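# Fold and geometry: a report
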Amino acid sequence: MKPKYVYFDHNSTTPIDPRVLEEMFRFFGTEYGNASSRHTLGTHALRAVETARGQVAELVGVESKQVVFTSGGTESNNLVIKGISSGSSPGKILISGIEHPCIVKPAENLKYQGWMVEKIPVSSSGVVKTKTLKQIIDSECKIISVMLANNETGVCQPVSEVVDIAKEYDAFVHTDAVQALGKIPVSFKELGVQALSISAHKLNGPKGVGALILDKRLSINPLIEGGGHEDGLRSGTLNVPAIVGFGKACEIAHQNPTKIKKNVAPLIQALDKKLKRMGATIFGCNETRIPNTSYFSLPGVAGETLVIELDKAGFAVSSGAACSGNKAGPSEVLEAMQVNTDIAAGAVRVSLGISNTLEEVMGFCDGLEQIFNRLRTMSAIA
Ligand code: PLP
């Protein structure tokens, strides 16, 4: 019998829930209308989009009109940085030192439009230093972006504290909640931010769809102009099947944080225990993490090599942020945490999903130990 392939890379992407797929199928088939058309088929599509908007809104505790559908987390992050900055005279933008490249790049490009761009440092365990934020924030600061949970370490960030600090300076606060949604409870209101980015494929929905959630009072410039869809904020014929799937995934995801805490967190605890016994460094393990993630480094073994060997043994894991393209080199997140380069070179990320089991995790630990021992022996001989 072919050995089972075990997927431990849910921060990269998740499998589509069959219930999501079922909802989507109809809108690829008989319900192919354009949501902007006035006839019956168009009205069906529009109704489905608005149902999905309500489902997304409910998951993050906002009104439907605050949801702008986009092509995913990358577009939502670009839209917020470019859309807010272009409506203002240049000032200071502060982003955390561990943001995803789809925040870092648009923010850094603002330099060419006269903006000052600064990174808020993080501690050695990967938490944004709010004390330093208090020192570097001033009346010039107009935009702050700090993610809710880091995609590599899984470490949760003090976003509400950032909001409190920003209030005094009337700075706009955005959070990238792409990795947090569906793993921990996310409430737009409780966070107090003005904008929040999410993506469907991280919570068992389809790829290529996401949303930017905006404060009701906010006006923002669009990235994509045209027919004025999404209240003029994102033109282009709506991807109805994807949006419907996103809505369904959000409806299902209400129970996920509870299930993850109950069923997945103990698996990560078991994995971490085993990793520590093997002499691993586990990044951010004493901080609050999204409960599905363990990011570690074993001494003397390159992360890339481990990922390849683990894949051969039937386990899909990642050596860093898979969604940052094919870029090689040390993780910028670990660099920001000032992790020693040899340790950083060994980084491997395990990110579990709701259906992973203790048996799979134990099988992984055995496989990892065997591979680790073999690679160490080989490097000792060489
Ligand atoms: N933000 C974070 C924290 C992510 O981890 C990712 C992708 O992994 C993105 C944004 C980009 O989202 P998308 O793949 O939907 O473009």
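Below you will find a few notes about this structure. This one's a predicted model, so the numbers in the text were calculated from it and none came from an experiment. (Residues numbered from 1 in each chain as written. Predicted model: local features only at pLDDT ≥ 70, side-chain atom pairs only at ≥ 80, totals over all residues. Heavy atoms only, no water.)

## Thoughts on the sheet that holds strand 3 (residues 92-96)
In plain terms, the rule: In this scheme, strands are said to pair when DSSP sees at least two bridges between them. Helix and strand assignments come from DSSP, with helices taken as H or I runs of at least 4 residues and strands as E runs of at least 2, each series counted from the N terminus. Axis definition: a line fitted to C-alpha atoms, limited for helices to the stretch in contact. Angles are taken between N-to-C directions and run from 0 to 180 degrees. Pairs of residues are marked as contacts when any of their non-hydrogen atoms sit within 4.5 Å.
Across the sheet, which stays open at both edges, the 7 strands sit in the order 2-8-7-6-5-3-4 with mixed pairing between neighbours. Of all the strands in the sheet, the pair left with one neighbour each is strand 2 (67-70) and strand 4 (116-120). Shown here is a sheet whose adjacent strand axes are inclined to one another by a mean of 20°, direction ignored. Summarising the sheet, strand 5 (residues 141-145) and strand 6 (residues 172-176) pair through 3 bridges and their orientation is parallel. When the bridges of strand 6 are listed, serine 145 appears paired with histidine 174. In the packing of helix 3 (residues 73-85) onto the sheet, the strands contacted are strand 2, strand 3, strand 5, strand 6, strand 7 (195-199) and strand 8 (210-214), and the crossing angle to strand 7 comes to about 160°.

## A few points about helix 2 (residues 40-60)
For clarity, the threshold we go by: An expected span of 1.5 Å times one less than the residue number is assigned to each helix. To sort residues, take the accessible area from a 1.4 Å probe on protein chains only and compare it with the maximum for the residue type: under 20% means buried, over 50% means exposed, and anything in between is partly exposed.
Here helix 2 is 21 residues long and its end C-alpha atoms lie 31 Å apart, about the 30 Å a rise of 1.5 Å per residue gives. For helix 2, every residue scored as buried is listed here: Gly42, Ala45, Ala48, Val49, Ala52, Arg53, Gln55, Val56, Ala57, Leu59 and Val60. Those residues of helix 2 that are buried lie in contact with helix 1 (18-28), strand 2, helix 7 (188-191), strand 7, strand 8 and helix 8 (240-253). Downstream of helix 2 by one or two residues, glycine 61 has phi in the positive range, about 70°.

## Describing the pairing of strand 5
Summarising burial for strand 5: 4 of the 5 residues are buried, a large majority. As paired strands, strand 3 and strand 5 are joined by 4 bridges and run parallel to one another. Residue pairing for strand 5: leucine 94 is matched across the bridge by isoleucine 144.

## Concerning the sheet that holds strand 12 (residues 347-351)
Strand order in the open sheet formed by 3 strands is 9-10-12, and the pairing between neighbours is antiparallel. Looking at the sheet topology across the chains shown, the edges are occupied by strand 9 (281-282) and strand 12. Where strand 9 lies against strand 10 (residues 293-297), 2 bridges are found, and the strand directions are antiparallel. Bridging from a neighbouring strand, threonine 281 pairs with serine 297 of strand 10.

## A word on the environment of valine 104
Relative to the assigned elements, valine 104 resides in helix 4 (residues 101-109). With 13 residues separating them along the chain, valine 104 and valine 117 place their C-alpha atoms 9.7 Å apart. Those residues in contact with valine 104 that sit more than four places away from it in its chain are Ile95, Glu99 and Lys119.

## Notes on the nonpolar core
Which entries qualify depends on this criterion: Residues belong to one nonpolar core when they are buried, are Ala, Val, Leu, Ile, Met, Phe, Trp, Tyr or Cys, and are joined through side-chain atoms within 4.5 Å.
Counting residues in hydrophobic clusters, the biggest one holds 66 residues, and the most contacted among them are Phe69, Ile144, Val186, Leu196, Ile198, Ile213 and Phe246. It is helix 2 that provides the largest number of residues to this core, a total of 8 residues. Setting aside residues up to four positions removed in sequence, isoleucine 213 forms contacts with Val56, Val60, Val62, Gln66, Val67, Phe188, Gln194, Ala195, Leu196 and Ile198. Core analysis: the next-biggest nonpolar cluster, separate from the first, contains 29 residues, Ile268, Leu275, Phe296 and Phe364 among them.

## As for the packing of aromatic side chains
Using the following cut-off: Pairing of aromatic side chains here covers Phe, Tyr and the six-membered ring of Trp, requires ring centres within 6.5 Å, and sorts the geometry by plane angle: under 30 degrees stacked, over 60 edge-to-face, intermediate tilted.
In this structure the tally under the stated criterion is 5 aromatic pairs. The interplanar angle of 70° and the centroid separation of 5.4 Å between the aromatic rings of phenylalanine 8 and phenylalanine 364 together place this pair among those described as edge-to-face. In this pair, phenylalanine 8 is assigned in the loop between strand 1 (6-7) and helix 1 and phenylalanine 364 in helix 13 (residues 358-381), connecting sequence segments 356 residues apart. Residue phenylalanine 8 shares its accessibility class with phenylalanine 364, and that shared class is buried. Each residue in the set Phe8, Phe315 and Phe364 is aromatic and connected to the rest through ring pairs, giving one cluster.

## What about a nonpolar patch on the surface?
The condition is simple: Within the patch definition used here, like charges are joined within 9 Å and nonpolar side chains (Val, Leu, Ile, Met, Phe, Trp, Tyr) within 5 Å, considering only residues with over 30% relative accessible area and no salt bridge. Each accessible area value is a Shrake-Rupley result obtained with a 1.4 Å probe; residue values ignore everything except the protein chains displayed when judging cover. Salt bridge criterion: a side-chain nitrogen from Lys or Arg within 4 Å of a carboxyl oxygen from Asp or Glu.
Residues Ile16, Leu21, Phe25 and Phe28 make up a contiguous nonpolar surface patch of roughly 390 Å² in combined accessible area. With respect to the secondary-structure elements, phenylalanine 28 resides in helix 1.

## Re the side chain of serine 235
We apply this condition: Here a polar contact means two N or O atoms within 3.5 Å. Within protein one must be a hydrogen donor candidate and the other an acceptor candidate, and residues neighboring in sequence count only if both atoms are side-chain atoms.
Here serine 235 shows up in the loop between strand 8 and helix 8. Within the local environment of serine 235, its side chain forms a polar contact with the backbone nitrogen of glycine 226, the two atoms lying 3.0 Å apart. From its side chain, serine 235 meets the backbone nitrogen of glycine 228 in a polar contact 2.8 Å long. Among all residues touching serine 235, those that are not within four sequence positions of it are Ile224, Glu225, Gly226, Gly227, Gly228 and His229.

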